[in-house]
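# Architecture and fold: a report
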Amino acid sequence: MNLSVRLGELELKNPIMPASGCFGFGKEFSQFYNLNNLGAIVIKAATGEARFGNPTPRVAETPSGMLNAIGLQNPGVDQIFEQELPFLESFDTPVIANVAGSTEDEYLSVSEKLSNSKTVKALELNISCPNVKEGGIQFGTDPELAYQLTRRVKNVIDKPLFVKLSPNVTDIVGIAKAIEEAGADGLSMINTLTGMKIDLKTHQPIIANETGGLSGPAIKPIAIRMIHHVRKETRLPIIGMGGIVSAEDVLEFLLAGADAVAIGTANFQNPYICQEIIDTLPDVLESYGYQSLDQVREVAMQ
Amino acid sequence: MNLSVRLGELELKNPIMPASGCFGFGKEFSQFYNLNNLGAIVIKAATGEARFGNPTPRVAETPSGMLNAIGLQNPGVDQIFEQELPFLESFDTPVIANVAGSTEDEYLSVSEKLSNSKTVKALELNISCPNVKEGGIQFGTDPELAYQLTRRVKNVIDKPLFVKLSPNVTDIVGIAKAIEEAGADGLSMINTLTGMKIDLKTHQPIIANETGGLSGPAIKPIAIRMIHHVRKETRLPIIGMGGIVSAEDVLEFLLAGADAVAIGTANFQNPYICQEIIDTLPDVLESYGYQSLDQVREVAMQ
Amino acid sequence: MVHGDVLVKSNRLIALDTYEMVLAGDLVQHIQLPGQFVHVKIGEGSTHMLRRPFSIADYNPETNEFVLVYKLIGEGTTWLSQLRMGDSLDVLGPLGNGFQIQGIQKQRILVVGGGVGVPPLYNLVKQLSAHNQVTAILGYQSIDSVFYEEEFNKWADVHIATDDGSYGSKGFVTDVINQLNLSVDQYFSCGPLGMLRSVQNNMEGYEGFLSVEERMGCGVGACFACVCPAKNEKGYVKICQDGPVFDAREVTL
Amino acid sequence: MVHGDVLVKSNRLIALDTYEMVLAGDLVQHIQLPGQFVHVKIGEGSTHMLRRPFSIADYNPETNEFVLVYKLIGEGTTWLSQLRMGDSLDVLGPLGNGFQIQGIQKQRILVVGGGVGVPPLYNLVKQLSAHNQVTAILGYQSIDSVFYEEEFNKWADVHIATDDGSYGSKGFVTDVINQLNLSVDQYFSCGPLGMLRSVQNNMEGYEGFLSVEERMGCGVGACFACVCPAKNEKGYVKICQDGPVFDAREVTL
Ligand SMILES: Cc1cc2nc3c(=O)[nH]c(=O)nc-3n(C[C@H](O)[C@H](O)[C@H](O)COP(=O)(O)OP(=O)(O)OC[C@H]3O[C@@H](n4cnc5c(N)ncnc54)[C@H](O)[C@@H]3O)c2cc1C
Ligand SMILES: Cc1cc2nc3c(=O)[nH]c(=O)nc-3n(C[C@H](O)[C@H](O)[C@H](O)COP(=O)(O)OP(=O)(O)OC[C@H]3O[C@@H](n4cnc5c(N)ncnc54)[C@H](O)[C@@H]3O)c2cc1C
Ligand SMILES: Cc1cc2nc3c(=O)[nH]c(=O)nc-3n(C[C@H](O)[C@H](O)[C@H](O)COP(=O)(O)O)c2cc1C
Ligand SMILES: Cc1cc2nc3c(=O)[nH]c(=O)nc-3n(C[C@H](O)[C@H](O)[C@H](O)COP(=O)(O)O)c2cc1C
Ligand code: FES
Ligand code: FES
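Keep in mind it's a predicted model, so treat the numbers as computed, not measured.

Residue and element names in this part refer to chain C. Mapped onto the present numbering, the UniProt feature "binding site: FAD" (unreviewed entry) falls on Arg 52, Pro 53, Phe 54, Ser 55, Gly 76 and Thr 77. Along the polypeptide, Arg 52 turns up in strand E4 (residues 52–55). The class for Arg 52 is buried, based on a relative accessible area of 17%. Along the chain, Gly 76 falls in helix H1 (residues 75–81). Of the residues examined, Gly 76 reaches a relative accessible area of 2% and is grouped as buried. With sequence-adjacent residues up to four places away left out, Gly 76 is seen in contact with Ile 42 and Arg 52.

A few words on the site of ligand 1. All names here are of chain C. Lining the immediate surroundings of ligand 1 are 19 residues, of which Arg 52, Pro 53, Gly 76, Thr 77 and Arg 215 lie closest. Arg 52 is positioned with one of its side-chain polar atoms (N or O) 2.6 Å from an oxygen atom of ligand 1. In this structure, Gly 74 approaches ligand 1 through a main-chain N or O atom, which is 2.8 Å from an oxygen atom. Relative to its free-state accessible area of 820 Å², ligand 1 is covered by the protein chains to the extent of 89%.

All names here are of chain A. Here helix H2 (residues 104–115) contains 12 residues, and its C-alpha end-to-end distance of 16 Å stays within 8% of the 16 Å for a straight helix at 1.5 Å per residue. Three or more residues of H2 are buried, namely Glu 106, Tyr 107, Leu 108, Val 110, Ser 111, Leu 114 and Ser 115. Buried residues in H2 make contact with strand E4 (41–46), helix H1 (77–89), strand E7 (95–99), strand E8 (120–126), helix H3 (137–141) and helix H4 (143–156).

In the numbering used here, UniProt assigns the "binding site: [2Fe-2S] cluster" (unreviewed entry) feature to C:Cys218, C:Cys223, C:Cys226 and C:Cys240. These annotated residues cover 23 residues of sequence, and their C-alpha atoms lie no more than 10.1 Å from one another, placing them together at a single site. Assignment of secondary structure puts C:Cys218 in the loop between strand E13 (207–211) and strand E14 (227–229). With residues up to four places along the chain from it excluded, the contact list for C:Cys218 reads B:Phe268, C:His39, C:Leu92 and C:Cys223. Summarising the element assignment, C:Cys226 is placed in the loop between E13 and E14.

A few words now on the UniProt feature "binding site: FMN" (unreviewed entry) in chain A. Residue and element names in this part refer to chain A. With numbering aligned to this structure, UniProt lists the feature "binding site: FMN" (unreviewed entry) at Ser 20, Lys 44, Ala 45, Asn 98, Asn 126, Lys 164, Ile 190, Gly 216, Gly 242, Gly 243, Gly 264 and Thr 265. Residue placement: Ala 45 occurs in strand E4. Those residues in contact with Ala 45 that sit more than four places away from it in its chain are Ser 20, Leu 72, Asn 74, Ile 80, Asn 98, Ala 100 and Asn 126. Of note, Asn 98 is situated in strand E7. A relative accessible area of 2% means that Asn 98 is categorised as buried.

Let us look at the interface of chain A and chain B. Listed by partner, the interface residues are 38 residues for chain A and 38 residues for chain B. With both sides pooled, the region where chain A packs onto chain B buries about 3300 Å², and carbon together with sulfur makes up 68% of that total. The largest per-residue losses of area from chain A upon contact with chain B belong to A:Thr170, A:Met196 and A:Leu200, which jointly make up 20% of the total buried on that side. Counting every contact that joins chain A to chain B gives two salt bridges. The partner of B:Lys232 in a salt bridge is A:Glu210, and the shortest N-O contact between them spans 3.5 Å. Our count for the contact surface shared by chain A and chain B stands at 12 residue pairs in polar contact (both at pLDDT 80 or more). At the level of secondary structure, the elements contributing two or more residues to the side of chain A that touches chain B comprise strand E11 (193–195), helix H6 (220–233) and helix H7 (247–256) of chain A. The leading source of residues in the side of chain A that touches chain B is H6(A), at seven residues. Partitioned by chemical class, the residues of the side of chain A that touches chain B number 19 nonpolar, 12 polar and seven charged.

To continue, consider the sheet that holds strand E5 (residues 58–60) of chain C. Remark on secondary structure: sheet strands pair via backbone hydrogen bonds, oriented parallel or antiparallel. All names here are of chain C. The seven strands are arranged E4-E3-E7-E1-E2-E6-E5 in an open sheet whose pairing can be described as antiparallel. On the outer flanks of this sheet lie E4 and E5, each paired with one strand and no other. Neighbouring strand axes in the sheet, compared pairwise and without regard to direction, differ in orientation by 35° on average. Two strands pair when backbone bridges link them, and strand E3 (residues 37–40) and E4 are joined in this way by four bridges, in the antiparallel orientation. In the sheet register, Phe 37 faces E4, and the bridge partner there is Ser 55.

About the thresholds
- Residues numbered from 1 in each chain as written.
- Chains lettered and ligands numbered in written order.
- Predicted model: local features only at pLDDT ≥ 70, side-chain atom pairs only at ≥ 80, totals over all residues.
- Heavy atoms only, no water.
- UniProt positions renumbered as here; feature names shortened; annotations may be inferred.
- Helix = DSSP H or I, 4+ residues; strand = E, 2+ residues; numbered from the N terminus.
- Buried < 20%, exposed > 50% of the residue type's maximum accessible area, 1.4 Å probe, protein only.
- Contact = heavy atoms within 4.5 Å.
- Near = heavy atom within 4 Å.
- Polar contact = N/O pair within 3.5 Å; in protein donor to acceptor, adjacent residues only side chain to side chain.
- Areas by Shrake-Rupley, 256 points an atom, 1.4 Å probe, with all protein chains shown as cover.
- Expected span 1.5 Å × (residues − 1).
- Buried area = accessible area lost by both parts, 1.4 Å probe.
- Salt bridge = Lys/Arg side-chain N within 4 Å of Asp/Glu carboxyl O.
- Nonpolar A, V, L, I, M, F, W, Y, C, P; charged D, E, K, R; others polar.
- Pairing = 2+ DSSP bridges.
- Axes fitted to C-alpha atoms, helices over the stretch in contact; angles between N-to-C directions.

Below you can see the structure in the form of structure tokens.
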């Protein structure tokens, strides 16, 4: 079965990609399988300068999910450009670069730099990271701010721009529409929900940052609902994510209205998960009566 | 260990109560254990007239959780008054009546009627039901509306008023503070998160209402986070809920800042769960070094 | 009603994707009528928050054993199929109201079952056959899915229909009802919603009882998950508590 | 690195809340040094999304066996403790960098372990003892928690300390270090953070290696969950990838 999909200008071999922050810059996972097999690779968020991120502990397990508060640790956009992107150049898989920042200026300069890389085929604007004190999430919870930022970033880059939505909002459709109007080329949804776990022994939050972002199968019903609602109101391509652990989950996201999907937390439970899903997806689609991804999309659009 | 707690004027034998909608009006569960053992009983939402609710299917399972869209089915406030409350009268356990409505007038008249029952010791204002087309949730997502409704209801009743918060909001603290200012006597949090599950065979949402409310352990980290944040900003008693399945979970909610807890979904997995938690809570508290609930609260307040 | 662990005595494949599990436990002493069901906990911990309802296909108070027949559908039934002799299973039951068979004598009984609607009819037929003349029409998808034919043969005049005609007659159970042109005093039916509706229509005017399925939460009448519109003063019934067996003239499917 | 199922050969209680599990599988062929760890999947399905890291306490390429020693902490270790001979376990490993022992000869070695920091030192001591003189100071909560004393005795001069003095000397491992007044060329340590810090301080100026713990996500260096500040140009190390064993002079605990 031909699994290729088109997300606006972006052409993917298949709709499966690792989610930002769960796959580093690809090197580690290249020990497990050939990164050429992936539909795309979304790399860890880049900021203007190197960031150490939050104190540890940074992760905690929750029922069918996990919390993380990495705090956007990354070596900074220049280091990423010089040290990380060259490795990914050798693969015939589009790289989507996730962009974060504390200020609008930071978003703009990081976006501009990354869009100059020939390895980077699209940008993903992370306006939804719940784990940093400033920047990030306020852009993702206010439609007006989201509109402004998207528009300005779009002006300084010449690559497709996906904007990654926060689920921690009353009205996800309102934000999505603002971003579409601002000229984005696609949406990524969803980022994590803000959560907390308390250590009964120390009576303190387990995550040093106190709160962390909830991901994994626990949040899948929320992701499906939000994608389903946003799909009805926009034509933008959607990269769906939130709790995918199997090819069946991928089909559920496609039926909800996603055009492609990203897999985050599941990489930790099973480092081969993206490859395994790519391998089993055709059989799973066929077992539900689909001969192609287009057919799935048609059904989803009904 | 003395497990009694005080929620404002309300005195409970222990901090454990079944959550609204998961325990009917108590009759069914009285087959499993003596309802006198409970801290309180929160009954199913009452509306002005009888409601049939949503079409079926109304429930679906999700990873470590479930979706429901009952749609506030209930026999109407008068029937509840006459047919359901008399049974509960025979128990020495305070009844908290959950109130819903489509309009402000409906909320007011239902609240007034229920507050006239001597069996009903407090009201819980459900402004957070995600499963009905009109009424309910818009009151829970707009601080101004929440304030108005709380104030007016408080004016027509002479019983303590708990207001039940929706987690489907950008700023839970803002809503909580508005409700406190309006004169509420306590908060119940959280209600369910809006979610969806798609049937891969029919490619339709499993829940006939399309979306349903996500409950169960999957949402516990979100409940803990919200309670922790709201606790810092208000002195109101908080009834915490969302995913409790064990006495350890109860301790986590108390440490987050809840004064008492409600147990919903877990009643379906284990009909004895409230009784079992009441039985094991003293040992669990002791095993973490607490000699009383007051001690837990002190630690939580630090 | 009893809640607790019962012991798996056997668990075997009896047709395509269809298993028969024999269980032993004291809840058998509480079963009153065929058509009652049990609510089964799936897996460990909190992965599966909802129990799964299954009809009691057969039971024997002397051996303390009861039988479930189930089809592989999803995670819960897959987990069940992996249980082995000696494992224990957390079961709540018996629940609901079964088929009211007390005093039924010298009647011509029609029993119509489809797929996994067949099991709850098995013990019913066994009991009714003692004092009545029973015809059973059983529908399956295809020859691979047929189960319990021999068992029913011991107690009733059995007619099989398959969707694809690979065994018995081709088509719907209602086609068989029409072909047979039976004289019937009372009927009992269980199966998929579409089938139940056809049977209900087809047998209009006859006294009949239907066993109805719906997704359940609590299984005991407390959550309003499993309602079905009904011609009574409340306007609805709860399948878990008022059913799963209903007078065919009372429920609106 | 290998990912796949390994076979449980035995799983037994060896001290209070402490189990020793012997496993067999091909990943043993890939173990390079003592101090490496494995990342273990817990339970079925998606209840537990995070693997659990455990040090390899011992390994034998000839029998294809390796040993984990673990303490009951929460859901994951409780689940592990219920595994039986013949069960299989999904393991990713060997991961990380172990203790660099190549070429260490004729040295006076001090090994300091606390609680579940003791296991990763076991195979280390075994290997070092061949060509070096090894002193091991092992700290436990109380007499009930002591394990592997005899095993260590075969390869090293062993001193035990317990928090409550119920066995060996009372107090901290650092008290024992001070009392013994040893001449040391190199030291190796693993244990709770507080202990590691004390040992690091106490042994300042000596060449030493610490095995450090942190909550992990991926276990392979991709998620930045397990970082620790370090005196290198990046300002940090990843415990799973750059460690868990570090030069004591490089990490800031
Ligand atoms: C009163 C009653 C009696 C039943 N008796 C039998 C029987 O004897 N044999 C048999 O094979 N099946 C029977 N069923 C159907 C059986 O409950 C479902 O096939 C089973 O719950 C599927 O579980 P799963 O986890 O494998 O499927 P999944 O689709 O993974 O289940 C997900 C959720 O949906 C629910 N669900 C899915 N299908 C159904 C259904 N048809 N009815 C109710 N809930 C469903 C499950 O209970 C679970 O909560 C009965 C149902 C009811 C209501
Ligand atoms: C490199 C390394 C080697 C280790 N070697 C051993 C060993 O040989 N023997 C042993 O008993 N323990 C060892 N530990 C600690 C062990 O990983 C934890 O005790 C275990 O993960 C607890 O799991 P749980 O599910 O029982 O506890 P829970 O508290 O229920 O676990 C919840 C989550 O917290 C994590 N977690 C809890 N405590 C720790 C901890 N101390 N370190 C890391 N993650 C933790 C778990 O992995 C899980 O993700 C090691 C840890 C690391 C990082
Ligand atoms: C450890 C971790 C780190 C993450 N880092 C980022 C990040 O840097 N940028 C980003 O946009 N999303 C980040 N995310 C969010 C994921 O990309 C994804 O949106 C979310 O985890 C939901 O998908 P999942 O349930 O498959 O994990 C991170 C998630 C995890 C678990
Ligand atoms: C089947 C079902 C019905 C519910 N009905 C109501 C209701 O009528 N009124 C209300 O305020 N909350 C209702 N809730 C929400 C619960 O009271 C509770 O807030 C929520 O389920 C979270 O707790 P839990 O995770 O323990 O279930 C319902 C929940 C479920 C699962
Ligand atoms: S399943 Fe709860 S009322 Fe029937
Ligand atoms: S656990 Fe992911 S980088 Fe170490």
